[in-house]
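Coordinates in review
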Amino acid sequence: MVSRTQGKSARSAQLAKVHIAAAQLGMDEETRRALYRNITGKDSAAKMTDSERDKVIAALVSKGFVDKKKANGKAAYRGRPADTDKTPLMRKLEALLADAGRDWEYARATAQHMFKVERLEWLNANQLHKLVAALQIDANRRAR
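First things first, this report covers the structure right here in the doc. Going along each chain's sequence as written, the residues are numbered from 1 onward. Reporting in this predicted model follows two pLDDT cut-offs: at least 70 for local features of residues, and 80 or more for side-chain atom pairs to be given and counted; totals over whole chains, interfaces and linings ignore these cut-offs and use all residues. In computing side-chain values, all of the structure's heavy atoms are included and hydrogens and water are not.

Helix numbers and strand numbers start at the N terminus; a helix is a DSSP run of H or I with at least 4 residues, a strand a run of E with at least 2. From N to C terminus, the protein chain includes six helices and zero strands. Secondary structure elements in the protein chain, listed N-terminal to C-terminal, are α-α-α-α-α-α. Taking all 144 residues of the protein chain together, 31% fall into the buried category. Contact definition: two residues touch when any of their heavy atoms are within 4.5 Å. Restricting to contacts in the protein chain with at least 6 residues of sequence separation, those with at least 24 account for 56%. Accessible areas in this description were obtained via Shrake-Rupley with a 1.4 Å probe; residue shielding takes into account the shown protein chains only. Accessible area for the protein chain stands at about 9,200 Å²; split by element, carbon and sulfur atoms hold 52% of it. Classification of residues uses two cut-offs on accessible area relative to the type maximum, computed with a 1.4 Å probe and protein chains only: under 20% is buried, over 50% is exposed, and between them is partly exposed.

Shown next as structure tokens:
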């Protein structure tokens with residue numbers, strides 16, 4: 001049987017995971033609450049049941065959230081460090097699109113294909129770096 005304190009700590013961990021995921025994806029409060037409402041009909045993670053929070057976490061994972069914690073406490077992801085400022089990558093992305101004569105919809109569709117993320121704003125720095133790399137490879141091919 002799970003004691004009341006264990007239940008509370010599991011709830012707290014789940015709430016923290018929801019908020020960490022939203023922050024990692026760069027969601028503002030309005031976007032985050034809209035996502036909650038679309039999935040559960042509730043605008044606060046604290047008002048949700050455990051299963052509703054699990055659904056929200058699954059949706060955030062599908063949008064690109066990477067849970068960096070493993071059961072053994074080590075980081076699950078060992079790639080490029082997370083940048084807090086994605087502006088340089090967005091500028092590079094914009095330059096590559098302009099050079100290729102493509103619009104932002106092309107970048108969005110490419111991100112959707114590569115990462116199953118619906119909006120460029122939801123890409124984390126590592127995913128954005130990979131998207132820029134893919135467009136740079138395309139530019140190099142076109143230059144030949």
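We now examine the pattern of salt bridges. Here a salt bridge means any side-chain nitrogen of Lys or Arg lying within 4 Å of a carboxyl oxygen belonging to Asp or Glu. Applying the stated rule across the entire model yields nine salt bridges. Across the pair E52 and K42 runs a salt bridge whose closest N-O atoms are separated by 2.9 Å. One end of the pair, E52, is in helix α3 (residues 50-62); the other, K42, is in the loop between α2 (29-40) and α3, and 10 residues separate them in sequence. Owing to a relative accessible area of 15%, E52 belongs among the buried residues under this scheme. The partly exposed category is assigned to K42, whose relative accessible area is 26%. Across the pair D50 and R53 runs a salt bridge whose closest N-O atoms are separated by 2.6 Å. Here the residue D50 and the residue R53 both occupy positions in helix α3, the gap between them amounting to three residues, near one helical turn. Overall, D50 belongs to the partly exposed group, its relative accessible area being 46%. Counted as one network, the salt bridges with shared partners bring together R102, D138 and R142.

By themselves, these figures tell us nothing about what the structure is for.
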